[in-house]
Amino acid sequence: MKKGFTLIELLAIVTLLGIVILVGMPSLVKSTKKANEQRIARFEETIEDACETYAANEKIDCLLYENYTITFEKLITNNYVNKDLEDPLLNNTIENLHNCTIKVCDNYKLSCKYKNQQRTIGVDKKISNRQNLFVKSPTATTNPGSDLDGDGTREHPFATITKAYESITNQAGTIQLLSHIDVDETIDMAEKKNVILTSDTDSNIPYTINRVANFSKTIINHRKGTLVLQKITFDGHSIPTGDNTVVQTKATLSITGNTVFQNCVGNKGSAVKVMSKGKFTMENGAFKFNQATSGGAILVSDGGTFVMKNGIISHNTSTSGGGGIHLENRGELDLDGGTISNNISSSGGGGIHLANGAIFNLGGGTISNNVSSSGGGGIQLEKDSVLNIT
């Protein structure tokens, strides 16, 4: 007959097991916590990498789209992430986490309505602090601007855009106009800075940058960095500028909001010239009543690219081709939206004229009611130019 454990022996075993559990429990908890933290970190890294890849492929510039968001659905649909990826914190696959958005330009902040959870991914990826600088005419009746005594604040604004541009020290700045500005010297943007030039964001008034009499040079010579124009009117006041223009870019230029170029007069591209592989994106705005020998409003040359997504190019004129737009020397136009209408050329291409290997990719938009005296009322192609319709 086998002998069982005595009560004392059982108590000793239970006591021993208790000691083992007490000793091992903190390590077990710590190990479990560490494993869970690693799972969360891997998930966050996967989502962050997917967002970065998406933003890079879609060319999302955080200095331009500060509130841009991406959804899990968009990442899944475009194959940037697997639908079965599980969020350890919300304890569900991302396919089931609806109404979740990732604020790409705000430290990848993930916001989900599921269980009302919200957290931040990639907190070490800080967006550069953007300086806010203010400019006001030195002839303003109240609080006039001054480059000598001003410090660029709203209370003590600068008198010129040049001074504000030179005062941007951390590579990213917003220059706000507090009044109409008369320009009598070129604003040279030759540093790798990301700049937004806009009218006062606290006001609904779109201020005007005026070309003054006898000033025939380029108003903004944009050579490096990113320039975004918002809610500003550029008025050339029909002053002839020869080969010069209002804005010449060899870098990355965008117009968003209600930016208008009007009454500009020149030889080629009286309002905007896109040169030397520069890129100009038109999100909105208007070009109207501008005149040039070729490219009544816009010239794209030397490998430059013009992307038109929205806006209006209308009632511009040329005498030598391209009442609205002239492209030459491998210049490229991507037309995805917007309207090109009522432009006139006495030579060819009432709306758009292409020459010398220029490329036109037509994916959307409207081209209508343009007039040419010698062919191609809407579009004229010549000298090895290419039209792609998608």
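For the structure given in this document, a descriptive report is provided here.

Rules behind the numbers
Residue numbering note: each chain is counted from 1, following its sequence as written. The model is predicted, so local features are restricted to residues of pLDDT at least 70 and side-chain atom pairs to those at 80 or more, both for listing and for counting; the totals for chains, interfaces and linings are taken over all residues. Working from all heavy atoms in the structure, the side-chain values ignore hydrogens and water. Patch membership requires more than 30% relative accessible area and the absence of a salt bridge. Residues of like charge join within 9 Å; the nonpolar side chains Val, Leu, Ile, Met, Phe, Trp and Tyr join within 5 Å. Each accessible area value is a Shrake-Rupley result obtained with a 1.4 Å probe; residue values ignore everything except the protein chains displayed when judging cover. Here a salt bridge means any side-chain nitrogen of Lys or Arg lying within 4 Å of a carboxyl oxygen belonging to Asp or Glu. In this text, helices come from DSSP runs of H or I with a minimum length of four residues, and strands from runs of E with a minimum of two, each type numbered from the N-terminal end. Centres within 6.5 Å are what make two rings of Phe, Tyr or Trp a pair, Trp counting through its six-membered ring; a difference in plane orientation under 30 degrees is then read as stacked, over 60 as edge-to-face, and the rest as tilted. Only protein chains enter the accessibility calculation, which uses a 1.4 Å probe. A residue is then buried if its area is under 20% of the maximum for its type, exposed if over 50%, and partly exposed in between. Note: two strands are recorded as paired if DSSP finds a minimum of 2 bridges between them. Comment: axis = line fitted to C-alpha atoms, over the contacting stretch for helices; angle = value between 0 and 180 degrees taken between N-to-C directions.

## Considering a nonpolar patch on the surface
Right, on to step 1. On the surface, Leu-381, Leu-387 and Ile-389 cluster together into a nonpolar patch covering about 260 Å² of accessible area.
Right, on to step 2. With respect to the helices and strands, the residue Leu-381 is situated in strand β36 (residues 379-381).

## Focus: the packing of aromatic side chains
Right, on to step 1. A complete count under the given rule lists four aromatic pairs for this structure.
Right, on to step 2. Aromatic side chains Phe-234 and Phe-261 sit 4.7 Å apart centroid to centroid with 10 degrees between the ring planes, which places their arrangement in the stacked category. Here the residue Phe-234 occupies a position in strand β15 (residues 232-235), and Phe-261 occupies one in strand β18 (residues 260-262), the gap between them amounting to 27 residues.
Right, on to step 3. By relative accessible area, Phe-234 is classed as buried at 0%.
Right, on to step 4. Where Phe-280 meets Phe-306, the ring centres are 4.8 Å apart and the plane angle is 10 degrees; that geometry is what we call stacked.

## Digging into the pairing of strand β33 (residues 359-362)
Right, on to step 1. Strand direction decides the pairing type here: strand β29 (residues 332-335) and β33, joined by four bridges, are parallel. Paired with Leu-335 across the strands is Leu-362, a residue of β33.
Right, on to step 2. As paired strands, β33 and strand β37 (residues 386-389) are joined by four bridges and run parallel to one another. Bridge pairing in β37 places Ile-359 opposite Val-386.

## Comments concerning the sheet that holds strand β7 (residues 131-135)
Right, on to step 1. Read from one edge to the other, the open sheet built from ten strands follows the order β7-β8-β11-β14-β17-β21-β25-β29-β33-β37, with strand pairing classed as parallel. One side of each edge strand has no neighbouring strand; the edge strands of this open sheet are β7 and β37. Strand-to-strand twist in this sheet, taken as the mean axis angle between neighbours without regard to direction, amounts to 15 degrees.
Right, on to step 2. As paired elements, strand β14 (residues 226-230) and strand β17 (residues 252-256) share five bridges and run parallel to each other. Pairing of Gln-230 across the sheet is with Thr-256, part of β17.

What is shown is where atoms sit, not what they do.
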